[in-house]
Amino acid sequence: MTDRAHALIVIDLQNDFCPGGALAVEGGNDIVAPINALMEDFATVILTQDWHPAGHSSFASSHPGAQPMTMTEMPYGPQVLWPDHCVQGSKGAAFHPDLRTDGDLILRKGFNPAIDSYSAFFENDHATPTGLEGYLRTRGIERLTMVGLALDFCVNFSAVDGAKLGFDVTVRTDLSRGIDLDGSLRAAMDGMRGAGVTLT
């Protein structure tokens, strides 16, 4: 019998983050089939979906002269300027075509044009909630297993926030892939361990 207090959270497994996409993570395609299989082991499956309006403030194209994958300072703190990606309603924003999407909840994030949202729990100001915590609490879910893209950004921020909120969080690193921007992968792994996240 599956544990109803334990949920699987599949982070941003979307076309733009897979090979051929606007912000491709190497090996992103490789984790789709095993994640589909893993869903069978969970009573609750939640999928997150990066969902940006065109012209989002985290896009380098919204900042004259800025290059993608550089840093800028936003009112809420430092922000990577990304290539345009996961624009609402676009093919790039759609889930990978082979991914099962018959889960319990699809949580869209990053739709506020003025602020990015790496975490499934909070926008990048670390204060504005997405509503996921309330959903999990009212469902009686206490343990979370996270998989998906990218390990050093959205998976990392989601895992750390989940642990800070008191959830028992495990990240399956074998079913996640990272970008590794200027050492971000090692920093993410260290940060997750420091927050009490279990890495397997």
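Everything that follows concerns the structure shown earlier in this document.
Summarised in this report is the structure supplied together with it. Just so you know, these numbers come straight off a predicted model, no measurement behind them.

Calculation notes
- Residues numbered from 1 in each chain as written.
- Predicted model: local features only at pLDDT ≥ 70, side-chain atom pairs only at ≥ 80, totals over all residues.
- Heavy atoms only, no water.
- Helix = DSSP H or I, 4+ residues; strand = E, 2+ residues; numbered from the N terminus.
- Rg over C-alpha atoms; globule rule 2.2 N^0.38 Å.
- Buried < 20%, exposed > 50% of the residue type's maximum accessible area, 1.4 Å probe, protein only.
- Areas by Shrake-Rupley, 256 points an atom, 1.4 Å probe, with all protein chains shown as cover.
- Lys, Arg positive; Asp, Glu negative; His and termini not counted.
- Charge placed at Lys NZ, Arg CZ, Asp CG, Glu CD.
- Pairing = 2+ DSSP bridges.

## Digging into the overall build of the protein
Phase 1: If you tally the helices and strands in the protein, you get four helices and eight strands.
Phase 2: Reading the helices (α) and strands (β) of the protein from amino to carboxyl end gives β-α-β-β-β-β-α-β-α-β-α-β.
Phase 3: At 16 Å, the protein has a C-alpha radius of gyration in line with the 16 Å of a compact globule built from 200 residues.
Phase 4: Each principal axis of the C-alpha atoms in the protein carries an extent, and together these give about 55 × 30 × 30 Å.
Phase 5: Taken across its 200 residues, the protein has 50% of its residues classed as buried.
Phase 6: As presented, the protein carries roughly 8,600 Å² of accessible surface, and 52% of it is formed by carbon and sulfur atoms.
Phase 7: In the protein, 13 positive and 25 negative side-chain charges are present, and the distance between their average locations comes to 6 Å.

## Remarks on the pairing of strand S3 (residues 70-74)
Phase 1: Direction of pairing for S3 relative to strand S4 (residues 77-81): antiparallel, over a ladder of five bridges. Bridge assignment links Thr70 to a residue of S4, and that residue is Leu81.
Phase 2: Adjacent in sequence and paired antiparallel, S3 and S4 are bridged by two residues.

## As for unusual backbone geometry
Phase 1: For the peptide bond that leads from Leu149 to Ala150, omega is -15°, which places it in the cis range.
Phase 2: With respect to the secondary-structure elements, Ala150 resides in the loop between strand S6 (143-149) and helix H3 (151-164).
Phase 3: With phi around 50°, Cys86 is a residue other than glycine that occupies positive phi space.
Phase 4: Positive phi values are uncommon outside glycine, yet Asp180 reaches one of about 60°.
Phase 5: In this fold, Asp180 is placed in the loop between strand S7 (168-177) and helix H4 (184-194).

Spatial relationships are all this shows, so hold off on functional conclusions.
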